[in-house]
Amino acid sequence: MSDTSLDLFEGMDLDILFALFDTLPVDVSFVNADDEVTYFNLPAAGRIFPRTRLDIGRTVQRCHPPQSVDKVQRILDDFRAKKRSTADFWLELGGKFIYIRYFAIYGKDGVYQGTLEVSQDCTEVRALQGEKKLEGEPAV
């Protein structure tokens, strides 16, 4: 049996799907093939890079500072040309270590559909040491 991702969502309520994305400790944004922001999640802890309803339909180039627009455009162009399918960046911002990842999204036919941007505050993750296993969790 060969499931598709859509099959795996069978019976899932759309509200649950949105709650799932808003529960993730990451900012998620989707930019369509025309470079327009068409979705972003609203994490309970707040977004690292705030978005408003006005960003929906706006080109992604207008959502970035002027000094990074050429880099954003290069990534999108590379994704369209299939020169690469991911791009990763990290930076210090307000005392936090932020990890930003871009993923090219292609349809079943291989045609570029857009870009998924995922940003995460990895400050606490970066400071982890040793191990913590499930065995250390108290019994219920």
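Structure: above.
Since the structure is predicted, the reported quantities are computational estimates derived from the model, not experimental observations.

Caption draft 1: Representation of empty space enclosed by the protein within the structure. This model, assessed by the stated rule, comprises 1 cavity of 30 Å³ or more. Here the largest cavity defines a volume of roughly 60 Å³. Every residue lining the largest cavity is listed: Val-31, Val-60, Val-72, Ile-75, Leu-76, Tyr-102, Thr-115 and Glu-117. Contributions of two or more residues to the lining of the largest cavity are made by α3 (69–80) and β5 (112–121). Looking at the lining of the largest cavity, its residues break down into 6 nonpolar, 1 polar and 1 charged.

Caption draft 2: The arrangement of the packing of aromatic side chains in detail. Applying the stated rule across the entire model yields 5 aromatic pairs. Aromatic side chains Phe-89 and Tyr-102 sit 6.0 Å apart centroid to centroid with 80° between the ring planes, which places their arrangement in the edge-to-face category. Taken together, the residues Phe-89 in strand β3 (residues 86–93) and Tyr-102 in strand β4 (residues 96–106) connect sequence positions 13 residues apart. On the basis of relative accessible area, Tyr-102 is assigned to the buried category, the value being 11%. Within the aromatic cluster, the residues linked to one another by ring pairs are Phe-18, Phe-21 and Tyr-39. Sitting over the ring of Tyr-106, Lys-82 keeps its end group 5.0 Å from the ring centre.

Caption draft 3: How the structure looks around the sheet that holds β3. Here we have 5 strands laid out as an open sheet, ordered β2-β1-β5-β4-β3, and antiparallel in their pairing. Since the sheet does not close on itself, it has two edges, and those belong to β2 (37–40) and β3, each with one partner. The sheet shows a mean angle of 20° between the axes of neighbouring strands, direction not considered. With 8 bridges connecting them, β3 and β4 associate as antiparallel partners. From the neighbouring strand, Asp-88 faces β4, where its bridge partner is Arg-101.

Caption draft 4: Just the pattern of salt bridges, in detail. Within this structure, the stated rule accounts for 11 salt bridges. Among the ionic pairs, Lys-71 bridges to Asp-70, the shortest N-O distance being 3.6 Å. Owing to a relative accessible area of 44%, Asp-70 belongs among the partly exposed residues under this scheme.

Caption draft 5: Up close: a nonpolar patch on the surface. On the surface, a cluster of nonpolar side chains totalling about 410 Å² of accessible area is made up of Phe-9, Met-12, Ile-16, Leu-20 and Leu-24. Of note, Leu-24 is situated in the loop between α2 (14–23) and β1 (27–32).

Caption draft 6: Structural context of the nonpolar core. Counting 15 residues, the largest nonpolar core has Val-37, Val-60, Ile-75, Leu-76, Phe-79, Ala-87 and Tyr-102 as its most contacted members. Every element with two or more residues in this core is listed here: β2, α3 and β4. Setting aside chain neighbours within four positions, we find Ala-87 in contact with Ile-75, Phe-79, Ile-100, Arg-101 and Tyr-102.

Rules used in this analysis
- One numbering rule holds for all chains: residues counted from 1, following each sequence as written.
- With the structure being a predicted model, the display of local features is reserved for residues of pLDDT at least 70 and the display and counting of side-chain atom pairs for 80 or more, all residues being used for whole-chain, interface and lining totals.
- Hydrogens are left out, water is left out, and the side-chain values use all remaining heavy atoms of the structure.
- Site definitions follow a grid-based scheme: protein atoms alone, a 1 Å grid, a 1.4 Å probe that fits but cannot get out for cavities, and for pockets an open set with protein on both sides within 12 Å along at least five of seven lines, plus lining residues having an atom within 4 Å of a point.
- Grid points are joined across faces, edges and corners, and a volume is the space filled by probe spheres set on the points.
- Put simply, DSSP H or I for four residues or longer makes a helix, DSSP E for two residues or longer makes a strand, and each gets a number counted from the N terminus.
- Ten residue types, Ala, Val, Leu, Ile, Met, Phe, Trp, Tyr, Cys and Pro, are classed as nonpolar, four, Asp, Glu, Lys and Arg, as charged, and the remainder, Gly among them, as polar.
- Two aromatic rings from Phe, Tyr or Trp, using only the six-membered ring of Trp, form a pair when their centres are within 6.5 Å; if the ring planes differ by under 30 degrees the pair is stacked, by over 60 it is edge-to-face, and anything between is tilted.
- Burial status follows relative accessibility: with a 1.4 Å probe on protein chains alone, a residue under 20% of its type maximum counts as buried, one over 50% as exposed, and anything between as partly exposed.
- Throughout this description, the term charge over a ring refers to an Arg CZ or Lys NZ atom that lies within 6 Å of the ring centre and within 35 degrees of the ring normal.
- Following DSSP output, two strands are said to pair if at least two bridges run between them.
- Whenever a helix is involved, its axis is fitted only over the stretch in contact; in every case the axis is a line through C-alpha atoms, and angles between N-to-C directions fall within 0 to 180 degrees.
- Counted as salt bridges are all cases of a side-chain nitrogen of Lys or Arg within 4 Å of a carboxyl oxygen of Asp or Glu.
- Two distance rules govern patches: like charges are joined within 9 Å, and nonpolar side chains (Val, Leu, Ile, Met, Phe, Trp, Tyr) within 5 Å, applied only to residues with over 30% relative accessible area and no salt bridge.
- Only the protein chains shown count as cover for residues, with accessible areas throughout obtained via the Shrake-Rupley method and a probe of 1.4 Å.
- By nonpolar core is meant a set of buried Ala, Val, Leu, Ile, Met, Phe, Trp, Tyr and Cys residues that side-chain atoms within 4.5 Å join together.
- Any pair of residues with heavy atoms lying within 4.5 Å of one another is described as a contacting pair.

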